[in-house]
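Below, each chain spelled out in residue letters.
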Amino acid sequence: LWCSEVDGPRQWRLEFDVRSATQTDLETHEGIGETHGIVDEQLTEVAREVIRSVFSPDGDAKPAGLVKQLGRALDTSRWDWSPSLLRRIWDILMEYEGGRRKSQQHEARWLNLLGFALRPGFGLALDDWRVDQTWNVVHSKLVHGTPMVRTEYWILWRRIAGGFSARHQWVLATPQLTQVRGLHRRMTGGGRGAKHDFQFGPAESIEIWRLLGSLELLPVAVKIELAEMLLDLIPK
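Draft legend 1. Spotlight on the nonpolar core. Ranked by size, the top nonpolar core spans 55 residues in total, and within it I51, W81, I89, L113, W157 and L226 carry the most contacts. Those residues in contact with I51 that sit more than four places away from it in its chain are S56, L66, L70, I89, I92, L93 and Y96.

Below is the structure:
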């Protein structure tokens, strides 16, 4: 269903929260995102064409220039894209999810823009459903397990961490806590000579720490432990 201008060409898609996985239909959602208005569907189609040119099976545009291409096509900086436009970009990226399989560059760019379009994981109606869908499609399902792709994987989760339940945050944190503890033991002499699994490069390591710092629903004792380990590791 669409809402169209009587005396003009613009139209807006009407969205209804009828997905059983969400609770946002219990009352009217009036988050800050809605105050920015609803995106003109013409802008959505412009964004769709740019994204299609990169991620469709016959698309030949380079993924590295995707954000700049979108900025030129939409005639505005990405920092000025409205929340409703960002969520429509998320919709389109999910439609072309198969395009991330084309190369590691494609998957890295897809993950990066997906997280940017859904950040901070809440603020608009249906965001709980969007976060849940993102989790189902992406979590532990990378196509190209290269450092470039893994780094964008951590950035994606950090950007939308505010929309996760405590359970999801704990699932994200648990494997990283094991690795960080092993690194800490080795670097502080508590596990000298012992094998540890923390094999990430500097860029990826930074994003893992930033992700852990963004998981605000972790138990307080775990947060304190992380802070103490980080203080020990910084000088080293």
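Having seen the model, we can carry on.
Draft legend 2. Representation of the packing of helix α7 (residues 166-187) against helix α8 (residues 202-214). As a packed pair, α7 and α8 sit with axes 11 Å apart at the nearest point and diverge in direction by 125°. What the angle tells us is that α7 and α8 run oblique. In this structure, the crossing between α7 and α8 has a hand that is left-handed. Contacts between α7 and α8 involve A173, Q176 and V180 from the former and I208, W209 and L212 from the latter. For the contact of α7 with α8, the residue count by class is five nonpolar, one polar and no charged.

Draft legend 3. Layout of the packing of aromatic side chains. Tallying each qualifying case throughout the model produces eight aromatic pairs. Between W79 and F116, the aromatic rings sit 5.3 Å apart at their centres with planes inclined by 75°, giving edge-to-face as the arrangement. Pair noted here: W79 is in the loop between α2 (66-74) and α3 (83-95) and F116 is in helix α4 (residues 104-118), with a separation of 37 residues, a long-range link. Judged by relative accessible area, F116 falls into the buried class, the value being 1%. Pairing W90 with W129 gives two aromatic rings, centres 5.9 Å apart and planes at 75°, and the pair type is edge-to-face. Taken as a pair, W90 in helix α3 and W129 in helix α5 (residues 127-138) lie far apart in primary sequence, 39 residues in all. The class for W90 is buried, based on a relative accessible area of 2%. Here the aromatic residues W135, Y153, W154, W157 and F164 are joined through ring pairs into a cluster of three or more. One cation-aromatic arrangement involves R78 over F116; the distance from NZ or CZ to the ring centre is 5.2 Å. Its guanidinium or amino end placed over the ring of F116, R119 lies 3.9 Å from that ring's centre, counting from NZ or CZ.

Draft legend 4. Up close: the environment of R185. Within the secondary structure, R185 sits in helix α7. In this structure R185 comes out as partly exposed when scored by relative accessible area, which is 46%. Sequence separation of R185 and M229 is 44 residues, and the distance between their C-alpha atoms is 9.2 Å.

Draft legend 5. Structural context of the pattern of salt bridges. The tally for this structure, following the rule as stated, stands at 15 salt bridges. Note that D91 and R88 form a salt bridge whose closest N and O atoms lie 3.1 Å from each other. Of this pair, D91 and R88 both sit in helix α3, three residues apart, which is roughly one turn of that helix. For the pair D91 and R88, a shared accessibility class is recorded, and that class is buried. The closest approach of N and O atoms between E207 and R210, which form a salt bridge, is 3.6 Å. Here the residue E207 and the residue R210 both occupy positions in helix α8, the gap between them amounting to three residues, near one helical turn.

Draft legend 6. Molecular detail of a nonpolar patch on the surface. Taken together, the side chains of L230, L231 and I234 present a nonpolar region at the surface, about 310 Å² in accessible area. As for its position among the elements, I234 is in the segment after α9 (220-233). The class of I234 is exposed, set by a relative accessible area of 61%.

Draft legend 7. Structural context of unusual backbone geometry. The peptide bond linking R119 to P120 adopts the cis configuration, its omega dihedral lying at 0°. Among the secondary structure elements, P120 is positioned in the loop between α4 and α5. The phi torsion at D75 lies on the positive side, around 60°, for a residue other than glycine. Its place among the elements puts D75 in the loop between α2 and α3. In the Ramachandran plot, L126 falls in the positive-phi region, its phi being about 80° despite a non-glycine side chain. Classification of L126 by relative accessible area gives buried; the value is 5%.

Cut-offs used in this document
Residues numbered from 1 in each chain as written. Predicted model: local features only at pLDDT ≥ 70, side-chain atom pairs only at ≥ 80, totals over all residues. Heavy atoms only, no water. Core = buried A, V, L, I, M, F, W, Y, C linked by side-chain atoms within 4.5 Å. Buried < 20%, exposed > 50% of the residue type's maximum accessible area, 1.4 Å probe, protein only. Contact = heavy atoms within 4.5 Å. Axes fitted to C-alpha atoms, helices over the stretch in contact; angles between N-to-C directions. Helix = DSSP H or I, 4+ residues; strand = E, 2+ residues; numbered from the N terminus. Parallel < 35°, antiparallel > 145°, perpendicular 65-115°, else oblique. Left-handed = near helix turned anticlockwise from the far one by under 90°. Nonpolar A, V, L, I, M, F, W, Y, C, P; charged D, E, K, R; others polar. Phe/Tyr/Trp six-rings, centres within 6.5 Å; stacked < 30°, edge-to-face > 60°. Lys NZ or Arg CZ within 6 Å of the ring centre and 35° of its normal. Salt bridge = Lys/Arg side-chain N within 4 Å of Asp/Glu carboxyl O. Patch = residues over 30% accessible without salt bridge, like charges linked within 9 Å, V, L, I, M, F, W, Y side chains within 5 Å. Areas by Shrake-Rupley, 256 points an atom, 1.4 Å probe, with all protein chains shown as cover.

Everything listed here is a matter of geometry and, on its own, says nothing about what the molecule does.
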